[in-house]
Amino acid sequence: QVQLVESGGGLVQSGGSLKLSCVASGVPFVLLDMGWFRQAPGNEREFVAAISVTGRGTNYADSVKGRFTVSRDNGASSIYLHLDNLKPDDTAVYYCAADKDLGSIYDQHRPYRYWGQGTQVTVSS
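No experiment lies behind these values; they were computed from the predicted model shown.

Asker: Sorry if this is basic, but what is going on with the pattern of salt bridges here?
Answerer: Any two side chains of opposite charge can pair, on the condition that their charged atoms come close. One pass over the structure, following the stated rule, counts six salt bridges. We note a salt bridge from Arg110 to Asp33, for which the minimum N-O separation is 3.5 Å. One end of the pair, Arg110, is in the loop between strand E9 (92-100) and strand E10 (114-115); the other, Asp33, is in strand E4 (residues 32-39), and 77 residues separate them in sequence. The same class applies to Arg110 as to Asp33, namely buried.

Written out as structure tokens, the structure is:
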């Protein structure tokens, strides 16, 4: 079983930045494919970013490409999401997700089994 805990959300003005963190436990972290998703009120959960087990491969949703950066620190069992140039449309609850042997990071519909509790990001205009 994998436990995921996110942190780092908050209220920020349009154009501002935040850094989200997600700490994993329960399974050797180097085995885990990881990703970030978000869900805004009234919307379905959507893919934001994914990162390979080594950290050398990343994939982003078109809506965040060039503004968000995903990274991981296998020694700290953590992944991060740097959110820059935030827009009001980025307001959502952000979730990290994990699983083993999910295949290509370019598949935005990978069936992650493990999810964190989410952290709220609110961007004011």
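Asker: Just checking my understanding: could you explain the state of the cysteines for this structure?
Answerer: Simply put, disulfide is the name for a covalent bond between the sulfur atoms of two cysteines. Under the defined criterion, the tally for this structure stands at one disulfide. The disulfide bridge from Cys22 ends at Cys96, spanning 1.9 Å between sulfur atoms. The chirality of the disulfide connecting Cys22 with Cys96 is right-handed, given an S-S dihedral of about 45°. Taken together, the residues span a long stretch of sequence, with Cys22 in strand E3 (residues 18-25) and Cys96 in strand E9 at a distance of 74 residues. Per residue, the accessibility class of Cys22 equals that of Cys96, and both read buried.

Asker: For this particular structure, what's the right way to read the pairing of E4?
Answerer: In summary, the side chains of a regular strand alternate between the two faces of the sheet. Counted residue by residue, E4 has seven buried out of eight residues, so it is predominantly covered. Alignment of E4 against E9, held across eight bridges, turns out to be antiparallel. Residue Gln39 lies in a different strand from E9, and its bridge partner there is Val93. Examined bridge by bridge, E4 and strand E5 (residues 46-51) share five bridges and lie antiparallel to one another. The residue of E5 that forms the bridge with Phe37 is Phe47.

Asker: Explain the pairing of strand E7 (residues 68-73) to me, please; I cannot follow it from the model alone.
Answerer: Side chains of E7 alternate between two faces, with Phe68, Val70 and Arg72 buried and Thr69, Ser71 and Asp73 left unburied. Pairing of E7 with strand E8 (residues 78-83), which is carried by six bridges, proceeds in the antiparallel orientation. Of the residues in E8, the one forming a bridge with Phe68 is Leu83.

Asker: I would appreciate a short explanation of the environment of Ala61 in the present structure.
Answerer: Structurally, the position occupied by Ala61 is in the loop between strand E6 (58-60) and E7. Under the relative-accessibility criterion, Ala61 is labelled buried at 9%. With 39 residues separating them along the chain, Ala61 and Lys100 place their C-alpha atoms 21 Å apart. Sequence-distant contacts of Ala61, that is, excluding residues within four places in its chain, are made with Phe47, Val48 and Gln108.

Asker: How should the sheet that holds E3 be read in this particular structure?
Answerer: In any sheet, the strands associate via hydrogen bonds between backbone groups, in a parallel or an antiparallel arrangement. In space, the four strands of this open sheet follow the order E1-E3-E8-E7, with antiparallel pairing throughout. Two strands close off the open sheet at either side, each with one partner strand: strand E1 (3-7) and E7. Taking each pair of neighbouring strands and ignoring which way they run, the sheet shows an average axis angle of 15°. Bridge analysis of E1 against E3 gives five bridges, and the strand direction is antiparallel. Bridging from a neighbouring strand, Val5 pairs with Val23 of E3.

Criteria and thresholds
Residues numbered from 1 in each chain as written. Predicted model: local features only at pLDDT ≥ 70, side-chain atom pairs only at ≥ 80, totals over all residues. Heavy atoms only, no water. Salt bridge = Lys/Arg side-chain N within 4 Å of Asp/Glu carboxyl O. Helix = DSSP H or I, 4+ residues; strand = E, 2+ residues; numbered from the N terminus. Buried < 20%, exposed > 50% of the residue type's maximum accessible area, 1.4 Å probe, protein only. Disulfide = S-S within 2.5 Å. Pairing = 2+ DSSP bridges. Contact = heavy atoms within 4.5 Å. Axes fitted to C-alpha atoms, helices over the stretch in contact; angles between N-to-C directions.

By themselves, these observations are geometric and do not establish any function.
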